[in-house]
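Below, each chain spelled out in residue letters.
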Amino acid sequence: MMNSSGVSPFARVYDDTRLEGREQTIEEMYSIPESFLEIEVRDPETHGYGRKMYTDYEILCKTNIPAFKLRHSRVRRRYSDFEAFRDILERESTRVNIPPLPGKVFTNRFSDEVIEARREGLERFLGIVAGHPLLQTGSKVLCAFLQDPSWDKSQWI
């Protein structure tokens, strides 16, 4: 069934003239975005020896999102801190599906490859949870974990 112009009456017709708009100015291209959040997990350091060895990671956070108390912060966390943080987030935020952490490693866990793979996974995890609008506004633990150097999981359990 076609109308007089040969187009089906059920076809969607889009007006793309609105999309043309104007070109961005140099200031718009290179200025600070309205809201931004950059999280980097970096500089892994392994401490201790024998069975007491562990690796911690520096979390660098830069943002202008009002939910975060600091614009720039730098804290160190170990994997067990991330596990506790994830558990707390899951209990605190029943409406948000919290992604998994990179898996626990039992062999060669202090090799450069394993530490780098874990660092990448932790950075991906933080990018997802910190970028979630419901967690930014509704989570009590999110900002503390990312920005408080004296964060202690026992305060939240």
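Residues numbered from 1 in each chain as written. Predicted model: local features only at pLDDT ≥ 70, side-chain atom pairs only at ≥ 80, totals over all residues. Heavy atoms only, no water.

Q: In this structure, what is going on with unusual backbone geometry? I would like to understand it.
A: Negative phi values dominate among residues other than glycine, just as trans dominates among peptide bonds. One non-glycine residue, Asp43, lies in the positive phi region at around 50°. On the basis of relative accessible area, Asp43 is assigned to the partly exposed category, the value being 39%. (Buried < 20%, exposed > 50% of the residue type's maximum accessible area, 1.4 Å probe, protein only.)

Q: Hey, could you run me through the environment of Leu134 in this one?
A: Structurally, Leu134 can be placed in helix α5 (residues 133-138). Judged by relative accessible area, Leu134 falls into the partly exposed class, the value being 37%. As a C-alpha pair, Leu134 and Val96 span 38 residues in sequence and 7.6 Å in three-dimensional space. Not counting the four nearest positions on each side in its chain, Leu134 is found in contact with Arg95, Val96 and Ser139. (Helix = DSSP H or I, 4+ residues; strand = E, 2+ residues; numbered from the N terminus. Contact = heavy atoms within 4.5 Å.)

Q: Mind showing me how you'd approach the confidence of the model for the protein chain here?
A: Any residue range with low pLDDT should be treated as having predicted coordinates unsuitable for detailed reading. On average, residues of the protein chain score 86 in pLDDT, and 85% of them are at 70 or above. Here helix α1 (residues 17-20) stands out as the element of the protein chain with the lowest mean pLDDT, 53, in contrast to strand β3 (residues 72-78), whose mean of 96 is the highest. (pLDDT = per-residue confidence, 0-100.)

Q: Honestly, the nonpolar core in this entry has me stumped. Any pointers?
A: Side chains of nonpolar character tend, in soluble globular proteins, to be buried together. Ranked by size, the top nonpolar core spans 31 residues in total, and within it Ile59, Phe85, Leu126, Val129 and Leu146 carry the most contacts. Contributions of two or more residues to this core are made by β1 (37-47), β2 (54-63), α3 (79-92), α4 (112-130) and α6 (141-147). When residues no more than four places from it in sequence are discounted, the contact partners of Val129 are Phe85, Leu89, Ile98, Pro99, Leu135 and Leu142. (Core = buried A, V, L, I, M, F, W, Y, C linked by side-chain atoms within 4.5 Å.)

Q: Would you explain α3 in this entry?
A: The periodicity of an α-helix, 3.6 residues per turn, causes residues three or four positions apart to be oriented the same way. The end-to-end C-alpha separation of α3 is 20 Å, in line with the 20 Å expected for 14 residues at 1.5 Å each. Those residues of α3 not exposed but buried are Tyr79, Asp81, Phe82, Ala84, Phe85, Arg86, Ile88 and Leu89. Among the structural elements, β2, β3, α4, α5 and α6 are those in contact with the buried residues of α3. (Expected span 1.5 Å × (residues − 1).)

Q: I keep staring at the environment of Gly127 and nothing clicks. Help me out?
A: By the secondary structure assignment, Gly127 is in helix α4. A relative accessible area of 38% places Gly127 in the partly exposed class. Each C-alpha atom of the pair Gly127 and Leu37 lies 8.6 Å from the other, and the pair is 90 residues apart in sequence.

Q: Where do I start with the side chain of Arg119 in this structure?
A: With respect to the helices and strands, Arg119 occurs in helix α4. Residues within four places of Arg119 in sequence aside, it is in contact with Val41, Arg42, Pro44 and Tyr57.

Q: Would you explain α4 in this entry?
A: With 19 residues, α4 extends 26 Å from end C-alpha to end C-alpha; this agrees with the ideal 27 Å at 1.5 Å per step. Looking only at α4, the buried set comprises Val114, Ile115, Arg118, Arg119, Gly121, Leu122, Phe125, Leu126, Val129 and Ala130. As for α4, its buried residues are in contact with β1, β2, α3, α5 and α6.

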